[in-house]
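The lines below spell out each chain.
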Amino acid sequence: MTHAPSNTDEMTLTAAQLDAYLARIRMERPAHLDIRSLSQLHRAHLRTFTWEALDAFMGWPSAMTPTAAFAKMVEGRRGGWCYEMNGLFGAALTALGFRVTRLCGGVDREKLGDIAIGNHLTLRIDLDRPYLAEVGVADAIIEPVPLAIGPISQRGFDFSIMPADGGWLRFNNHVRGIAKSFDFRLDHSDEVAMATTHGWLMQDPGSPFTNALAVLRHTVDGYVALQNDCLRRVTAKSLSEQRITSADHLADTFETVFDLDIPRHSRVWERLQAISRDKAA
């Protein structure tokens, strides 16, 4: 069973954990808590950690607390999905002294309706104005953006924040984005909803993550994405694809492309092959 974090201590890192996190992303403790330092940390986090949902795909145990994400991603050499990526980043920012609010969002709420609320964690950071910090979508912004209606452009990719029904805001991803959009409110936090949805996403056969492999990592000018056995390299102006053809090829891809330590890579390949056979049948 997945439990929601029960107190604010679980939403931050200890001094030793913060030091280890900063060393992992190769950053010094910022001298000032401003948008410049926030942007540097945001970019460093995304250039260090890979977005991946292997735990759901393989049925491996997972928890959504920042402490669990720290053990997995900083002490180990794994990545994480939105609850872990944004969770760890938010906990580190809190430990540094930033004003962080964990927002309960909904990916594809425009299609799924309110049932989607809870399937995404995003972050509001209050500085001179509120900013959206988002390291959990995998192929979206590389730096935080003001929480304001309007277009956004980064590295040649076009995004936007627009009003949505019911008083929600909608972050629209770029045209090649895997997650097309997510909805959020500036003050909507619901840890119970996120914990409940986390459990469903981890275990239910209807979850988009239990029957499909998804691994993504930001690059200098775009990102690289592994969807089942298809490896895609994407920039604002280009798209290339190649197939993963063996367990050894998959292991090499995890190591050299995504900087992941996946010791049971052969089991991941077997699972991919089994899904392919089921689809063919």
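Summarised in this report is the structure supplied together with it. (Residues numbered from 1 in each chain as written. Predicted model: local features only at pLDDT ≥ 70, side-chain atom pairs only at ≥ 80, totals over all residues. Heavy atoms only, no water.)

Turning next to the pattern of salt bridges. Tallying each qualifying case throughout the model produces 17 salt bridges. The partner of aspartate 55 in a salt bridge is lysine 72, and the shortest N-O contact between them spans 2.7 Å. Taken together, the residues span a long stretch of sequence, with aspartate 55 in helix H3 (residues 54-58) and lysine 72 in helix H4 (residues 66-75) at a distance of 17 residues. When salt bridges that share partners are traced, they join Glu52, Asp55, Lys72, Arg78 and Glu84 into one network. (Salt bridge = Lys/Arg side-chain N within 4 Å of Asp/Glu carboxyl O. Helix = DSSP H or I, 4+ residues; strand = E, 2+ residues; numbered from the N terminus.)

On to the sheet that holds strand S13 (residues 239-243). The strands that make up a sheet are held in pairs by hydrogen bonds between backbone atoms, and each pair lies either parallel or antiparallel. The strand order across the open sheet formed by five strands is S1-S10-S11-S12-S13, and the pairing between neighbours is antiparallel. Each edge of the sheet is formed by a strand with only one pairing partner; in this case those strands are strand S1 (51-52) and S13. For strand S12 (residues 230-235) and S13, the ladder comprises five bridges, and the chain directions are antiparallel. Looking across to S13, one finds that leucine 231 is bridged to glutamine 242. (Pairing = 2+ DSSP bridges.)

This next bit is on the nonpolar core. One finds Tyr21 and Phe171 to be the most contacted residues of the largest nonpolar core, which totals 67 residues. At nine residues, helix H5 (residues 82-96) tops the list of elements feeding residues into this core. In this structure, Met58, Leu213, Ile262 and Leu272 belong to the second largest nonpolar core, which totals 21 residues. (Core = buried A, V, L, I, M, F, W, Y, C linked by side-chain atoms within 4.5 Å. Buried < 20%, exposed > 50% of the residue type's maximum accessible area, 1.4 Å probe, protein only.)

For the rest of this paragraph, the subject is the pairing of strand S9 (residues 181-184). Alternating positions in S9 separate into two faces, Ser181 and Asp183 on one and Phe182 and Phe184 on the other, with burial throughout. Bridge count for strand S2 (residues 99-107) against S9 is two bridges, and the pairing is antiparallel. Its bridge partner lying in S9, valine 107 is registered against phenylalanine 182. Relative to S9, strand S8 (residues 169-172) runs antiparallel, the two sharing four bridges. Directly across from asparagine 172, in S9, lies its bridge partner serine 181.

Our next topic: the packing of helix H1 (residues 15-24) against H4. Packing of H1 against H4 brings their axes to within 11 Å, and their N-to-C directions diverge by 40 degrees. Comparing the axis directions of H1 and H4 gives the class oblique. Pair H1 / H4 crosses with left-handed handedness. Across from Gln17, Ala20, Tyr21 and Arg24 in H1, the residues of H4 making contact are Thr67, Phe70, Met73 and Val74. Of the residues assigned to the contact of H1 with H4, the class counts are five nonpolar, two polar and one charged. (Axes fitted to C-alpha atoms, helices over the stretch in contact; angles between N-to-C directions. Parallel < 35°, antiparallel > 145°, perpendicular 65-115°, else oblique. Left-handed = near helix turned anticlockwise from the far one by under 90°. Contact = heavy atoms within 4.5 Å. Nonpolar A, V, L, I, M, F, W, Y, C, P; charged D, E, K, R; others polar.)

Once that is clear, we can look at the packing of aromatic side chains. In the structure shown here, the tally under the stated rule is eight aromatic pairs. When the centroid spacing of 6.4 Å and the interplanar angle of 40 degrees are considered together, the rings of phenylalanine 157 and tyrosine 223 count as tilted. Taken as a pair, phenylalanine 157 in strand S7 (residues 157-163) and tyrosine 223 in strand S11 (residues 222-227) lie far apart in primary sequence, 66 residues in all. Exposure remark for tyrosine 223: the relative accessible area of 2% places this residue in the buried category. With 5.7 Å between their ring centres and 40 degrees between their planes, phenylalanine 182 and phenylalanine 184 make a pair best called tilted. The residues phenylalanine 182 and phenylalanine 184 share a single accessibility class, namely buried. Cation over ring: arginine 264 sits above tryptophan 60, and NZ or CZ is 4.2 Å from the ring centre. A cation over an aromatic ring shows up here: arginine 271 above the ring of phenylalanine 57, its NZ or CZ 5.0 Å from the ring centre. (Phe/Tyr/Trp six-rings, centres within 6.5 Å; stacked < 30°, edge-to-face > 60°. Lys NZ or Arg CZ within 6 Å of the ring centre and 35° of its normal.)

It is worth spelling out the side chain of arginine 102 at this point. Mapping arginine 102 onto the fold places it in strand S2. By relative accessible area, arginine 102 is classed as buried at 10%. Only 2.8 Å separates the side chain of arginine 102 from the side chain of glutamate 191, close enough to count as a polar contact. (Polar contact = N/O pair within 3.5 Å; in protein donor to acceptor, adjacent residues only side chain to side chain.)

What follows concerns the environment of serine 207. Relative to the helices and strands, serine 207 resides in the loop between helix H7 (191-203) and strand S10 (214-218). Each C-alpha atom of the pair serine 207 and alanine 56 lies 8.8 Å from the other, and the pair is 151 residues apart in sequence. In this structure the side chain of serine 207 is engaged in a polar contact, spanning 3.1 Å, whose partner is the backbone nitrogen of phenylalanine 209.

Along the chain, threonine 67 turns up in helix H4. Here the alpha-carbon distance between threonine 67 and methionine 11, two residues 56 residues apart in the chain, equals 8.0 Å.

Moving on to helix H2 (residues 35-48). For H2, spanning 14 residues, the distance from its first C-alpha to its last is 20 Å, which sits close to the expected 20 Å at 1.5 Å a residue. Every buried residue of H2 is listed here: Ser37, Leu38, Ser39, Leu41, His42, Ala44, His45, Leu46 and Thr48. On its buried face, H2 sits against H1, H5, strand S3 (120-126), strand S4 (130-133) and S10. (Expected span 1.5 Å × (residues − 1).)

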